[in-house]
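Next come the chains, spelled out residue by residue.
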Amino acid sequence: MFHLILTACLAAAPEDCATILLPQGDAASQQGCEAQAQRIAQAWLAARPDLTGGPATCQANADLPASDLQQVAPGVHVHIGQIMQMEQSPDGRIANLGVVVGRDGVAVIDAGVSRAEGQALYVALRRLTDRPVTDLVLTHVHPDHSLGASVLAEAGARIWGHATLPQALNSRGPIYLENLSRLYPPQDWVGTQIVPPDQAVTDTARIDLGDRSLLLTAWPAAHTDGDLTVLEEATGTFFAGDLLFRDLAPVLDGSLRGWLNWMDESAPTGANIIVPGHGQPATSWAEAAGPQRRFLKALADETKRQIDDNIPMSEAVPRIGKAMEDQAEFWEAFQETVARDATAAYKELEWD
């Protein structure tokens, strides 16, 4: 397969450029790709007046950077992100991403932190199959999972998200894009856009790939105010998104009470493989969820203790972190994350 490639630069800063893959130009041969290259590239740029671009070229799939995908079950593949917070990462590619290949199409679970990562994922899945990319599920709003969506949308994917996701992207998206430009070089973020879902999930929904289906479930506030999980039913692969962290310290951005309730009540029926939002997949709920539950339970207990003792938040937050230090060795980015989590937990629980 050959892909249509364009160098795009910011109109306001022509030195800030990135390599753009346009999936609309995919072709079996270089000649077929080149026949439509300029028309597609010009149309894409015309819709983005903030960008300029040079001549389009066509490159073989094998010559382009691709995400590493590991098969965790027949037809189910996972890219394992870096175990670090975005601020410590050289490119922000810290989230786990999934690819499910069915008879009638391909579903992607989460799209990565940028168009550049979305493109690398797309190149990798095209090495697996030439079946159409029919669906993209965004498990939640956070940028490491959601900002690579544009390239999958251009490839034809319907985008699924929690019913709260459009508003969350609308309010947070500009901040996320600004942070990308602050943290990483232009090659890693130019061309990245906010793409809202066109399929809202309020309870459950199913994606039919012909010989297999994906069950999507929307949850009340927990890790964030709008999390989705995905169960690939044929193999029992459960994509938890950031409702489950492994190795990287869990980040609280929704409801601590809700997150603990989810962990107590939501051991997925029929799950043989559990893919967290960060860290390695697991084969049992206890293995996948046990360490995180201990972390969140300790966070809740210590926060309540500080509140009951009438300790003000400014003093309580470092005390909570110190009381939880026995867990530090099990979690990457523990110190900075537990301070943030303690602040969020205190604000939530002080009104109990």
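Quick note: structure is the one above.
Residue indices begin from 1 for each chain and proceed along its sequence in written order. Where totals are concerned, whole chains, interfaces and linings use all residues; where local detail is concerned, this predicted model gives features only for residues with pLDDT of at least 70, and gives and counts side-chain atom pairs only at 80 or more. With hydrogens and water stripped out, all remaining heavy atoms of the structure feed into the side-chain values.

With that settled, consider the state of the cysteines. Note on terminology: pairs of cysteine sulfur atoms within 2.5 Å are recorded as disulfides. Within this structure, the stated rule accounts for two disulfides. With a sulfur-sulfur separation of 2.0 Å, Cys-9 is cross-linked through a disulfide to Cys-17. When the S-S torsion is 100°, as for the bridge of Cys-9 with Cys-17, the disulfide is right-handed. A sulfur-sulfur separation of 2.1 Å characterises the disulfide bridge that pairs Cys-33 with Cys-58. When the S-S torsion is -85°, as for the bridge of Cys-33 with Cys-58, the disulfide is left-handed.

Looking now at the pairing of strand β12 (residues 204-208). Only one face of β12 is covered, namely the face carrying Ala-205 and Ile-207; the face carrying Thr-204, Arg-206 and Asp-208 is uncovered. When DSSP locates at least two bridges between a pair of strands, those strands are taken to pair. Numbered from the N terminus, helices here are DSSP runs of H or I no shorter than four residues, and strands are runs of E no shorter than two. For β12 and strand β13 (residues 213-219), the ladder comprises five bridges, and the chain directions are antiparallel. Looking across to β13, one finds that Arg-206 is bridged to Leu-215. Hairpin geometry of β12 and β13 is characterised by an intervening segment of four residues between the two adjacent antiparallel strands and by a positive phi of about 95° at Gly-210. Classification of residues uses two cut-offs on accessible area relative to the type maximum, computed with a 1.4 Å probe and protein chains only: under 20% is buried, over 50% is exposed, and between them is partly exposed.

Let us now look at the sheet that holds β12. In spatial order, the strands read β12-β13-β14-β15-β16; together these five strands make up an open sheet with mixed pairing. A single partner strand is all that each edge strand has here, and the edge strands are β12 and β16 (273-278). With direction set aside, neighbouring strand axes in the sheet form an average angle of 25°. This element, helix α6 (residues 256-265), spans β13, β14 (227-232) and β15 (237-245) of the sheet and lies at about 150° to β15. Think of each axis as a best-fit line through the C-alpha atoms, taken over the contacting stretch in the case of a helix, with angles from 0 to 180 degrees between the N-to-C directions. Whether two residues touch is decided by their heavy atoms; if any such pair falls within 4.5 Å, the residues are in contact.

So, on to the nonpolar core. To define a nonpolar core, start from buried Ala, Val, Leu, Ile, Met, Phe, Trp, Tyr and Cys residues and group those joined through side-chain atoms within 4.5 Å. If you look at the biggest cluster of nonpolar residues, it comprises 56 residues, and the most contacted ones within it are Leu-4, Trp-44, Leu-136 and Leu-152. Trp-44 has contacts with Leu-6, Ala-8, Ile-20, Leu-22, Gln-24, Leu-51, Arg-115 and Glu-154, leaving out every residue within four places of it along the chain. Ranked by size, the runner-up nonpolar core spans 41 residues in total, among them Ala-282, Ala-288, Ile-311 and Phe-334.

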